[in-house]
Amino acid sequence: MRKEPVREWLDLWHKLLDDPSIPPFEDRDEMAGVLADLRRSPDRLAEAFAPLPQGDELLTRVKLCVDAERNHDGIYLIPQKLEATDEQLRALVTEAIARGYQCCGDVAPEYAINILRRSITVKEASQSAPLVEGLGDLFIKFAHASNSFECEAMQFLSEPLYTLAASFEVQGYCLTPLCPDEIRQIDPYEPQIALWLRGALAVVRWNDGGEDPWVDVYVDP
């Protein structure tokens, strides 16, 4: 990975963080919580994305997520939940699966979709997977495909975007402008961010009984 632009981005984001107790960043992984702080300052947030490739599009997506928050006290970004019916949630899940598998070049499976208006349990989480597990792998592949500015920016932003909201959906949605054109046109994480904005976590579930996997959608009460 070329050092010049990354070095400039590291220095800029450290300057914008404006915390003398934190030494200069030497690696992108050291910036995990920077966006959690910058999200409270629109001017600094805009300045952080200005030099990045597709900076305006990246900023637009980050701001969509940030602007959904009403309480800025927590470490992680938590949106003010939009209301949605069970039918609307099922439609978003179906669209998310279709787009994700289209990006991966695979046929989308048909799942039973259950809407559960409660939080996921630890046991349930241990027997669950993302809606389209291959989609995350595909984005990682794009990030390491070359030494282009887009690939460098995907690697640079991956950890800060994940830790902004502790959400792979937010990470993938905000990184999409850096992907190849055919992926950008499909915009696979768009329906997943719509679920996130509604306080919904959709995962593929299974158990040890040998039955076919299904989708559970957990909606924060």
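Residues numbered from 1 in each chain as written. Predicted model: local features only at pLDDT ≥ 70, side-chain atom pairs only at ≥ 80, totals over all residues. Heavy atoms only, no water.

Participant: I tried to follow the nonpolar core on my own but got confused; where do I start?
Facilitator: Note that soluble globular proteins tend to have their nonpolar side chains buried in a common cluster. In this structure, Trp13, Phe49 and Leu157 are the most contacted members of the largest nonpolar core, which totals 67 residues. Sequence-distant contacts of Leu157, that is, excluding residues within four places in its chain, are made with Trp13, Phe49, Leu52, Leu58, Leu175 and Leu178. (Core = buried A, V, L, I, M, F, W, Y, C linked by side-chain atoms within 4.5 Å. Buried < 20%, exposed > 50% of the residue type's maximum accessible area, 1.4 Å probe, protein only. Contact = heavy atoms within 4.5 Å.)

Participant: I would appreciate a short explanation of the packing of helix H4 (residues 55–67) against helix H9 (residues 168–175) in the present structure.
Facilitator: In a packed pair of helices, the relevant descriptors are the angle between the two axes and the axis-to-axis distance. Packing of H4 against H9 leaves a shortest axis separation of 8 Å and a crossing angle of 150°. Relative to H9, H4 is oriented roughly antiparallel. Across the interface between the two elements, Leu58, Arg61, Val62, Leu64 and Cys65 of H4 pack against Val170, Tyr173 and Cys174 of H9. Partitioning the contact of H4 with H9 into residue classes produces seven nonpolar, no polar and one charged. (Axes fitted to C-alpha atoms, helices over the stretch in contact; angles between N-to-C directions. Helix = DSSP H or I, 4+ residues; strand = E, 2+ residues; numbered from the N terminus. Parallel < 35°, antiparallel > 145°, perpendicular 65-115°, else oblique. Nonpolar A, V, L, I, M, F, W, Y, C, P; charged D, E, K, R; others polar.)

Participant: Honestly, the packing of aromatic side chains in this entry has me stumped. Any pointers?
Facilitator: By convention here, two paired aromatic rings are described through the distance between centres and the angle between planes. Counted under the stated rule, the structure contains six aromatic pairs. Their ring planes at 80° and their centres at 5.1 Å tell us that Trp13 and Phe156 sit as a pair that is edge-to-face. Separated by 143 residues along the polypeptide, Trp13 in helix H1 (residues 3–17) and Phe156 in helix H8 (residues 149–165) bring together distant segments of the chain. Taking the relative accessible area as the measure of exposure, Trp13 reaches 0% and is therefore buried. A relative accessible area of 1% means that Phe156 is categorised as buried. Aromatic side chains Phe139 and Tyr189 sit 5.2 Å apart centroid to centroid with 85° between the ring planes, which places their arrangement in the edge-to-face category. Pair noted here: Phe139 is in helix H7 (residues 133–143) and Tyr189 is in the loop between helix H10 (181–186) and helix H11 (190–197), with a separation of 50 residues, a long-range link. Each member of the pair Phe139 and Tyr189 is classed as buried. Taken together, Trp9, Trp13, Phe49 and Phe156 form an aromatic cluster joined through their ring pairs. The cationic tip of Arg61 hangs over the ring face of Tyr173; the distance from NZ or CZ to the ring centre is 4.4 Å. (Phe/Tyr/Trp six-rings, centres within 6.5 Å; stacked < 30°, edge-to-face > 60°. Lys NZ or Arg CZ within 6 Å of the ring centre and 35° of its normal.)

Purely geometric stuff here, so don't read any function into it on its own.
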